[in-house]
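# Summary of the model geometry
Single-letter residue listing:
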Amino acid sequence: MTDLIIILTLTALGYFAGSWAEKRHYHSIREREKQLLHLPAITMKDVPYPDEAVRSIHLVEGSAVISIDYFKRLLARLRNIFGGTVVSYESLLDRARCEALLRMKEMAPEAAIIVNVRIETSAIGKYSSKRNIGCIEALAYGTAIELKQQ
């Protein structure tokens with residue numbers, strides 16, 4: 001009986017600590033998105049500015065590695081048994097992608113636009129080859145275009 005209480009207590013602690021950390025991270029993401037709203041990051045083939053207006057063009061990138069907590073890992077294992085959408089991994093991927101995009105934008109504070117943006121994700125960690133994810137890495141990269149002063 002004591003073992004069951006310990007397991008339930010640790011599971012509840014993992015749930016609340018993970019939820020708190022995730023909410024805090026989403027709050028940070030929303031605040032930084034507001035600050036970087038002026039810098040569009042898009043995928044397009046052609047640069048929307050004439051060559052004579054461009055001061056510099058350079059590669060920018062941002063990456064983020066987000067770890068999954070034990071409670072979400074437990075939920076994902078149960079979902080794998082019964083089937084369906086693994087919501088706990090969806091929020092993990094969402095946070096990693098948002099964080100990578102924000103870090104990419106932060107590398108180009110003087111840019112007018114970031115074009116040809118790409119996002120790549122991968123599962124990393126000790127268990128990633130056994131259909132069990134330890135961490136998610138997201139890499140965002142694109143071409144920052146800085147304009148000449150007028």
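First, a word on what this report is: a plain description of the structure on this page. (Residues numbered from 1 in each chain as written. Predicted model: local features only at pLDDT ≥ 70, side-chain atom pairs only at ≥ 80, totals over all residues. Heavy atoms only, no water.)

So, on to the nonpolar core. The nonpolar side chains of a soluble globular protein tend to be buried with one another. Residues Val60, Tyr89, Leu92, Met104, Ala108, Ile114 and Ala144 are the most contacted members of the largest nonpolar core, which totals 19 residues. In terms of residue count, helix H3 (residues 87–106) provides more of this core than any other element does, five residues in total. In this structure Ile114 touches Leu39, Pro40, Ala41, Ile42, Val60, Met104, Lys105, Ala108, Gly142, Thr143 and Ala144, once residues within four positions along its chain are discounted. (Core = buried A, V, L, I, M, F, W, Y, C linked by side-chain atoms within 4.5 Å. Buried < 20%, exposed > 50% of the residue type's maximum accessible area, 1.4 Å probe, protein only. Helix = DSSP H or I, 4+ residues; strand = E, 2+ residues; numbered from the N terminus. Contact = heavy atoms within 4.5 Å.)

We now examine the sheet that holds strand S2 (residues 113–124). Pairing in this open sheet of three strands is antiparallel, and the strands run S1-S3-S2 from one edge to the other. If you trace the sheet from one side to the other, it starts and ends with strand S1 (54–67) and S2, each paired once. Between one strand axis and the next, the sheet turns through 15 degrees on average, direction left out of account. Looking at chain direction, S2 and strand S3 (residues 135–147) are connected through 10 bridges and run antiparallel. Across the sheet, residue Arg118 finds its bridge partner in S3, namely Tyr141. (Pairing = 2+ DSSP bridges. Axes fitted to C-alpha atoms, helices over the stretch in contact; angles between N-to-C directions.)

It is worth spelling out the packing of aromatic side chains at this point. Tallied over the entire structure, the rule returns one aromatic pair. Here the aromatic rings of Tyr15 and Phe16 are separated by 5.1 Å at their centres, their planes lie at 70 degrees, and the arrangement is edge-to-face. (Phe/Tyr/Trp six-rings, centres within 6.5 Å; stacked < 30°, edge-to-face > 60°.)

Counting across every chain of the model gives zero disulfides. Its sulfur unpaired, Cys98 is 18 Å from the next cysteine sulfur, which belongs to Cys135. The buried category is assigned to Cys98, whose relative accessible area is 17%. (Disulfide = S-S within 2.5 Å.)

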